[in-house]
Amino acid sequence: RAVAFSCPLLEDAKIWIWAGDRETQSTAARDGDLLRYLKLHGATAEELLPNATTPESLLMTAKTLGASMIIMRAYRHNRFRETILGGMTNFMLKNATIPIFMAH
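In this convention, every chain numbers its residues from 1, walking through the sequence in written order. Reporting of local features is limited, given that this is a predicted model, to residues whose pLDDT is at least 70; pairs of side-chain atoms are given and counted only at 80 or more, and all residues count toward the totals for whole chains, interfaces and linings. Only hydrogens and water are set aside when side-chain values are computed; all heavy atoms of the structure are taken into account.

**Q** Teacher, can you tell me more about the overall build of the chain here?
**A** Helix numbering and strand numbering both begin at the N terminus, where a helix is a DSSP run of H or I of at least 4 residues and a strand a DSSP run of E of at least 2. Summing up its helical and strand segments, the chain has six helices and four strands in all. In sequence order, the secondary structure elements of the chain are arranged as α-β-α-α-β-α-β-α-α-β. Exposure categories follow from relative accessible area, calculated using a 1.4 Å probe and restricted to protein chains: below 20% of the type maximum is buried, above 50% is exposed, and the middle band is partly exposed. A buried classification covers 29% of the 104 residues belonging to the chain. In what follows, residue pairs with any heavy atoms lying within 4.5 Å of each other are defined as contacts. In the chain, of all internal contacts separated by at least 6 residues, the share reaching a separation of at least 24 is 70%.

Here it is as structure tokens:
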């Protein structure tokens, strides 16, 4: 959903898909459909397989690549659970140094 909503911003963009581990990947990311979808919309895309899947490692990877925006889903888990236990969404909202495009 986040990628679909952001498509108007992605034309002629260079995109890195931060794949994470196989357990947390969407089916579209696992099957390569996301790469094909992005290419159909005029973007250049490649998949990254990070060594770590923490929010800190996502921000560090984005900074290293010189990313100008992060597009991600928001609140994969119940919002109450994420608020109490923490999670990627809350961490990114509090700590990101570049714009974030989120969709739930």
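**Q** Would you mind going over helix H6 (residues 88-95) with me for this structure?
**A** All buried positions along H6 are accounted for by Thr89, Asn90 and Met92. Looking straight down H6, one finds that the buried residues subtend no more than 165 degrees of arc, so they occupy a single side. Picture the helix axis, draw a direction to every C-beta atom, and the arc is the one those directions span.

**Q** Help me understand the side chain of Ser6, please; the structure alone is not making it clear to me.
**A** With respect to the secondary-structure elements, Ser6 resides in helix H1 (residues 2-10). Look at Ser6 and you get buried, because its relative accessible area is 0%. Here a polar contact means two N or O atoms within 3.5 Å. Within protein one must be a hydrogen donor candidate and the other an acceptor candidate, and residues neighboring in sequence count only if both atoms are side-chain atoms. Of note is the side chain of Ser6, whose polar atom sits 3.0 Å from the backbone oxygen of Val3.

**Q** Quick question: what am I supposed to make of the environment of Leu10 here?
**A** Looking at the element boundaries, Leu10 is found in helix H1. Separated by 32 residues in the primary sequence, Leu10 and Gly42 have C-alpha atoms spaced 7.4 Å apart. Once residues within four sequence positions are removed from consideration, Leu10 is found in contact with Val3, Ile15, Leu38, Ala43 and Ile71.

**Q** I would appreciate a short explanation of the pairing of strand S3 (residues 70-73) in the present structure.
**A** Side-chain positions along a regular strand alternate between the two faces of the sheet. Only one face of S3 is buried: it carries Ile70 and Met72, and the other face, with Ile71 and Arg73, is open. Here S3 pairs with strand S4 (residues 100-103) via four bridges, running parallel. Note on S4: the bridge partner recorded for Ile70 is Ile100. DSSP-based pairing: two strands are paired if at least 2 bridges between them are found.

**Q** Looking at this structure, I do not really get the packing of H1 against helix H3 (residues 33-40). What am I missing?
**A** Working note: a packed helix pair is described by the angle between its axes plus the distance between those axes. At a closest axis distance of 10 Å, the pairing of H1 and H3 adopts a crossing angle of 35 degrees. Of the two possible hands of crossing, H1 and H3 adopt the one that is right-handed. Of the residues in H3, those touching H1 at Val3, Ala4, Cys7 and Leu10 are Leu34, Tyr37 and Leu38. Here the term charged refers only to Asp, Glu, Lys and Arg, the term nonpolar to Ala, Val, Leu, Ile, Met, Phe, Trp, Tyr, Cys and Pro, and the term polar to all other amino acids, Gly among them. Here the contact of H1 with H3 is composed, by residue class, of seven nonpolar, no polar and no charged. Each axis is a line fitted through C-alpha atoms, and for a helix only the stretch in contact is used; angles between axes span 0 to 180 degrees, taken between their N-to-C directions. For a crossing to be left-handed, the near helix must be turned anticlockwise from the far one by less than a right angle; the clockwise case is right-handed.

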